[in-house]
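Structural characterization, general
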Amino acid sequence: MSDATPPIPQERIRNFSIIAHIDHGKSTLADRLLLRTGTITEREFRNQMLDEMDLEQERGITIKAKAVRMIHTAEDGLTYQLNLIDTPGHVDFNYEVSRSLAACQGALLVVDAAQGIEAQTVANAFLAIEHDLEIIPVLNKIDLPAARPDEVKEELQSTFGFRPGESIAASAKTGVGTDEILETVVTLVPPPTGARDVPLRASIIDSHYDTYRGVIVYVCVKEGRLRAGDEILFMQKQSKHLVDEVGIFSPGMKPVDALEAGEVGYIVASIKTIHDVSIGDTVTTRVAGATEPLPGFKNPQPMVFCGMYPADNTDFESLRSALERLWLNDSSFTFQPETSDALGFGFRCGFLGLLHMEITQERIERESGLDLVQTAPTVTYEILRKDGELFKIESPADLPDAMHIEEIREPMVTANLIVPSEFIGATMRLMEEKRGDLQKTEYLSPTRVQLTYEAPLQEIIIDFYDKLKSSTRGYGTLDYQFSRYRKGDLVKLNILVGGDPVDALSIMVHRSVSDRRGRQMLRRLKKVIPQHLFQIPLQAAIGAKVIARMNIGALSKNVTAKCYGGDISRKRKLLEKQKEGKKRMKQVGRVNIPQDAFMAVLRLDDEGE
Amino acid sequence: MKPTAPGLYVHVPFCTVRCSYCDFHVAGYRAAVAERYVDALLEELAALEGEGFRPRTIFIGGGTPSVLPPDAWGRLLRFLGRAFGGDDLEEWTVEANPGTIDREKAEIAREAGVDRISTGAQTFSAEGLQVLGREHGPEVVAGAHALLREAGFERLSLDLIIGWPGQTAAAVDEDLRRVREIDPGHVSLYHLSYEEGTALDRQRRAGRVEPLPDPEVITLARRALSGLREAGYARYEVSNLCRSGEESLHNLNYWLRGGYRGVGSGAANFAGGARWRNLADVGAYIRAGGRPERVDVEEIGAVGALEERLFLSLRLERGLDIAEFEERAGASLSAICGDAIDELVGDGLLVRGTDSLRATERGFEVLDAVILKLWDGCDWEEARIDGDTGPDDASPAGASPRLDR
Ligand SMILES: Nc1nc2c(ncn2[C@@H]2O[C@H](COP(=O)(O)OP(=O)(O)OP(=O)(O)O)[C@@H](O)[C@H]2O)c(=O)[nH]1
Ligand code: SF4
Ligand SMILES: [Mg+2]
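1. Digging into the overall build of chain B
Counting secondary structure elements, chain B contains 15 helices and 17 strands. Considering only C-alpha atoms, chain B reaches an extent of 55 × 55 × 40 Å along its principal axes. Put simply, of all contacts in chain B between residues at least 6 apart along the chain, 75% involve residues at least 24 apart.

2. Some points on the overall build of chain A
Assigned secondary structure in chain A consists of 14 helices and 34 strands. In terms of overall dimensions, chain A is globule-like: its C-alpha atoms have a radius of gyration of 27 Å, near the 25 Å expected for 609 residues. On the principal axes, the C-alpha backbone points of chain A span a range of 80 × 65 × 60 Å. When the 609 residues of chain A are sorted by exposure, 46% land in the buried category.

3. Quick word on the interface of chain B and chain A
At the junction of the two partners, chain B supplies 36 residues and chain A supplies 22 residues. Broken down by secondary-structure element, the contributors of at least two residues to the side of chain B that touches chain A are β8 (186-191), α8 (214-230), α9 (249-255), β11 (260-263), β13 (274-278), β14 (294-299), α14 (361-365) and α15 (367-376) of chain B. A per-element tally of the side of chain B that touches chain A places α15(B) first, with nine residues.

4. Brief notes about the domain arrangement of chain B
Residues and elements named next belong to chain B. Splitting chain B by domain gives domain 1 (7-255) and domain 2 (316-382). Taking only C-alpha atoms, the centre of domain 1 and the centre of domain 2 are 31 Å apart. Domain 1 puts six residues into the contact, and the matching count from domain 2 is five residues. The dominant element in the side of domain 1 that touches domain 2, judged by the number of residues it contributes, is strand β9 (residues 234-237), at three residues. Among the residues making up the side of domain 1 that touches domain 2, the classes are represented as four nonpolar, no polar and two charged.

5. Remarks on the nonpolar core
Within the largest apolar cluster, 153 residues are counted, with the highest numbers of intra-cluster contacts made by Ala107(A), Leu109(A), Val217(A) and Val219(A). In this structure, Val217(A) is in contact with Ile204(A), Ser207(A), Tyr266(A), Ile267(A), Ile271(A) and Val277(A), ignoring residues within four places of it in sequence. Counting 83 residues, the second-largest nonpolar core is a separate cluster that includes Cys19(B), Ala34(B), Leu176(B) and Leu228(B).

6. Observations regarding the pairing of β13(B)
Residue and element names in this part refer to chain B. Across the five residues of β13, four count as buried, placing the element largely inside the fold. Where strand β12 (residues 268-271) folds back on β13, the antiparallel hairpin that results is connected by two residues, among which Gly-272 adopts a positive phi of roughly 55°. Bridging between β13 and β14 involves four bridges; their strand directions are antiparallel. Note on β14: the bridge partner recorded for Ala-274 is Glu-299.

7. Things to note about the site of ligand 1
Residues and elements named next belong to chain A. Looking at ligand 1, there are 21 residues lining it, with Gly-25, Ser-27, Ile-61, Thr-62 and Gly-89 nearest. Ranked by residue count, the leading element in the shell around ligand 1 is helix α1 (residues 26-36), at three residues. Residue composition of the shell around ligand 1, grouped by class: six nonpolar, ten polar and five charged.

8. Comments concerning the packing of helix α3 (residues 94-102) of chain A against helix α4 (residues 119-130) of chain A
All names here are of chain A. Where α3 contacts α4, the axes come no closer than 10 Å and their chain directions differ by 25°. Accordingly, the angle class assigned to the pair α3 and α4 is roughly parallel. Every pair of crossing elements has a handedness; the one defined by α3 and α4 is right-handed. For the pair α3 and α4, the contacting residues are Asn-94, Val-97, Ser-98 and Leu-101 in the first and Ala-123, Asn-124, Leu-127 and Ala-128 in the second.

9. A word on the pairing of strand β25 (residues 437-445) of chain A
All names here are of chain A. Here β25 runs beside strand β26 (residues 448-456); their pairing, made up of seven bridges, is antiparallel. Bridge pairing links Lys-440 to Thr-452 in β26. In this structure, the hairpin formed by β25 and β26 is closed by a connection of two residues.

10. Section: the environment of Val238(B)
Relative to the elements of secondary structure, Val238(B) occurs in the loop between β9 and β10 (240-242). In the structure, Val238(B) is positioned 77 residues away from Arg315(B) in sequence and 5.3 Å away in space, judged by C-alpha atoms. Setting aside residues up to four positions removed in sequence, Val238(B) forms contacts with Val559(A), Arg315(B), Phe364(B) and Leu367(B).

11. Quick look at helix α6 (residues 178-188) of chain A
Turning to α6(A), its buried residues are Ile181(A), Leu182(A) and Val185(A). Summarising the axial view, the buried residues of α6(A) lie within an arc of 95°, below the 170-degree limit, and thus occupy one face.

12. Quick word on the sheet that holds strand β15 (residues 264-271) of chain A
All names here are of chain A. Across the sheet, eight strands lie side by side as β11-β10-β16-β7-β8-β15-β12-β13; this open sheet has antiparallel pairing. Looking at strand neighbours, the two that pair on one side only are β11 (239-242) and β13 (253-256), the edges of this open sheet. Averaged over all pairs of adjacent strands, the angle between their axes in this sheet comes to 40°, without regard to strand direction. Pairing of strand β12 (residues 245-249) with β13, which is carried by four bridges, proceeds in the antiparallel orientation.

13. What about unusual backbone geometry?
Ser250(A) connects to Pro251(A) through a cis peptide bond whose omega is -15°. Relative to the assigned elements, Pro251(A) resides in the loop between β12 and β13. A cis amide bond links Gly62(B) with the next residue in sequence, Gly63(B), at an omega value of 20°. Looking at the element boundaries, Gly63(B) is found in the loop between β4 (57-62) and α2 (70-84).

14. So, the sheet that holds strand β16 (residues 350-352) of chain B
All names here are of chain B. Pairing in this open sheet of three strands is antiparallel, and the strands run β15-β17-β16 from one edge to the other. In the strand order of this sheet, the two ends are held by β15 (320-321) and β16, each with one partner. Inspection of the sheet shows β16 paired to strand β17 (residues 356-359) by three bridges, in the antiparallel sense. The residue of β17 that forms the bridge with Val-351 is Arg-358. Of the strands in this sheet, β16 and β17 touch helix α13 (residues 333-346), which is tilted by about 130° from β16.

15. Overview of the environment of Leu354(A)
All names here are of chain A. Turning to its location among the elements, Leu-354 is positioned in helix α8 (residues 354-368). Residue Leu-354 is classed as partly exposed on the basis of its 18 C-beta neighbours within 10 Å. For the pair Leu-354 and Pro-530, spaced 176 residues apart in sequence, the C-alpha separation works out to 28 Å. For Leu-354, the residues in contact, after removing those within four places along its chain, are Val-304, Pro-377 and Ile-461.

16. Some words on α8(B)
Residue and element names in this part refer to chain B. Taking 1.5 Å of rise per residue, the 17 residues of α8 would be expected to cover 24 Å, and the 24 Å separating its terminal C-alpha atoms lies within 8% of that figure. Of all the residues in α8, the buried ones are Val-217, Ile-218, Leu-220, Ala-221, Ala-224 and Leu-228. Take α8 and look down its axis: the buried residues cluster within an arc of 165°, on one side only. Projecting away from the buried face of α8 at angles above 90 degrees are the exposed residues Pro-215, Ser-226, Arg-229 and Glu-230. Taken together, the buried residues of α8 touch β7 (155-162), α6 (169-182), β8, β10 and α14. Directly after α8, the chain includes Gly-232, whose backbone phi takes a positive value near 100°.

17. Considering the confidence of the model for chain B
Residues and elements named next belong to chain B. Residue-level pLDDT values for chain B average 91, and 94% of them are 70 or greater. Within the model, pLDDT remains below 50 along residues 394-405, and this stretch shows 27 contacts once partners closer than five positions in the same chain are excluded. Here the predicted complex carries an ipTM of 0.79, next to a pTM of 0.75.

Conventions we followed
Residues numbered from 1 in each chain as written. Chains lettered and ligands numbered in written order. Predicted model: local features only at pLDDT ≥ 70, side-chain atom pairs only at ≥ 80, totals over all residues. Helix = DSSP H or I, 4+ residues; strand = E, 2+ residues; numbered from the N terminus. Contact = placed C-beta atoms within 7 Å. Rg over C-alpha atoms; globule rule 2.2 N^0.38 Å. Buried ≥ 20, exposed ≤ 12 C-beta atoms within 10 Å, placed from the backbone. Domains from an automatic or database assignment. Nonpolar A, V, L, I, M, F, W, Y, C, P; charged D, E, K, R; others polar. Core = buried A, V, L, I, M, F, W, Y, C linked by C-beta atoms within 7 Å. Pairing = 2+ DSSP bridges. Near = placed C-beta within 6 Å. Axes fitted to C-alpha atoms, helices over the stretch in contact; angles between N-to-C directions. Parallel < 35°, antiparallel > 145°, perpendicular 65-115°, else oblique. Left-handed = near helix turned anticlockwise from the far one by under 90°. Arc of directions from axis to C-beta. Expected span 1.5 Å × (residues − 1). pLDDT = per-residue confidence, 0-100.

Here you go:
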């Protein structure tokens, strides 16, 4: 297990990912495998061990894929190196799954035996099929009384063609099936094939920043070998480094002598600037290195954008470095500086979905200690100008004047919904409300249906998930991929506070819902903006036309009656504290808007209607 | 008469029962503790006398000073009378709660030289007294005032609380009727507030009492205010009204930023450019034997002094004396906070005359927010400050504090 053990020949290496729909038990199964192979002891163990981030543990979800090396003696008496990658299930983190699969030859397709096949089961299984991997279906949670393994086997057969005998019944909770899984991995998953005695080619799959050791780069070695003391070259960045240490995850970082073709591990090379590193780059040796880089990853295209501003404007540079640091560990979000009248200097950030946005914001706040103000999320729109120019906007603020616009096109997705057949009606009604067009209906089993829609991304990411859950009593699941930009009747909704437009509160909406959205936003603002010494008119407008209005009444009472001698110091302190509080609000005209207001309008449910 | 002169505050932090809204520094009353507390007070007062301190006003507040047993009450008052009762003394107030003052204590006070008594009536509604957690019933107040008049007190004040849960216009009218009947020279009108840690606030959180909405409180407050005005009282400070010439000199001194010394546990002091308090801990105070620990010591500084002047004077009906302020600031008021003033004047919350800057009727209702706005809008870069930061009176040399840090 350490660098002292003799090297394991390549034919006894197995690289596999664990993939599944959210919460079907991937991380718990990984725990089980780690324990069973003795990679971790009972004493070191904690639930969902590989969910290392506090955020992952708190939310009970995996955000980042995690690789771990296990050493296992199989029934044939031989010792194998098993490299497992636990992947996230949420649709926003789908690219993590693709990237993990690229480093593997096999995949455990975990399916909750009670829930059956759900939307990300389908999406992830097809990804594995595309990568040409050996797929081992695992029916997890068979300990549950509600488990219905036979029906789920039938779903697996009708959806992917797996024969009933191929799947392993298991419980990551009780340990049933663990040995069978390990044995099947050993016998079915092929070893990696990259040659070891050729020039090094390793692809950078991830990285993180360590205050003491600089950027730590995670690599998957495709060909050749990598060891401490090597002088390496990042082929795309053309930056050179001396390797101080190479190692593996087990699950903590553990130094080894060398990383061989087919192995995943890390490099420490005193890399001080994050600009030297780019995910997908190829690592080779400076001397006698490879000439052709490996095919890079195609970075996922962010589709959801929002503004992120430091609550305190003087923190702009700190926010920039926090974003750069986080980007090392998650290159799937984008950021570029923008300014807002209301919020000052900040960044327009792109994400793969709302959960990704939320998680990223929380990670930045935690990892940097900064307080952030975030604006309402928007999707990208394609604008066709009257003069024929076609371009994309990532912020409603960038929308040209109406007179120049020929067409506004919005991103459409292909959405796959898997629902129990009794909820077809409810689901269809929901999708109609969300401007979706039904394209296909497929029965996975007599009781479960997959509905395929084309729908606007905007409708699918904002305020959709909860509605789907309530329309299907919690059973409906969704997966989607971008399909195309389509012309839509879209308008920009402006919010005016005290008569002044607040750029950071503008949103793009479909004309048919603009009135309702406008009223909702005003109601929200009314709740979060404190009363002032004067009445504050709130308006929602499209162009010059006001479509909704509301007032925040003037403060009626605010006076400390008693102020005897001793209270003077206390009163001063109170005033100073209030003054500080005021500083953290954003000023628009004469109105102080608390930071929460910009977030409050994010939630667009129908509350109060 | 100088507008300001040093005052002396004496804190007696004992109450038999704690009112539901009270967040003052108060301890449960126990006769033995109270006796020893008075011993310590006398020591601290003796030291102050030794410094040569001579107040123009004395105010004994609490707590409930009148809860002291006759012996301790007598010792305290007689000492004060002997030490500070000379020609300099213009006003001497004692707070008394109806129900704890009796003929004997009233006579002792009168003889010692006390000339003004302030009583906490709060309301004459039985229901109100109950929510407020007051011990006395509605009838006791009139009795107490009659007794005090008989004992020879001409200057009487009465506190009312406005906005208690369940208060109605009729309840306000009843309070007004009783006030007219009792006819004190001075009335304080406080808005009820729900301070953290009080019983009332816990009840509010638990949903057991329902606070009146702010607009309703304001409606009631306006009714009370106009009723009192009809009865011949005029407001001179945001929450204080009186008949002509009946202002509390002691309190006025606070608002005019005069100096004062405070003795007793938790008492606040302002002298020689610094503010501080005695540590608020009755046990520690007794053990310290007249040399209590000073805490929250704060040098106000030149800007702080001007800020204080601004916010304290706006509490007064007469407002800020612009000429005087500008002289101290070495700059015009407009240069310092003209924009904020213009806005507040525009919103009908302040009026700016040639001599003074004052809150309007509406401005008084939201005074804290007005002050915050002004305070926030001040640009002190403009001020040419001459470094005079002390109280506005020249405190007698002996009264300047030795700051025990
Ligand atoms: N009863 C039972 N519960 C299980 C089993 N496996 C996992 N769970 C529970 O299912 C929940 C989800 O488990 P995770 O391992 O976090 O699921 P995941 O697939 O990693 O979830 P994501 O990473 O968010 O996609 C947890 O509450 C687990 O305790 C099982 O075999 N039986
Ligand atoms: S009498 Fe005054 S000090 Fe005593 S508890 Fe009541 S409010 Fe507080
Ligand atoms: Mg997981």
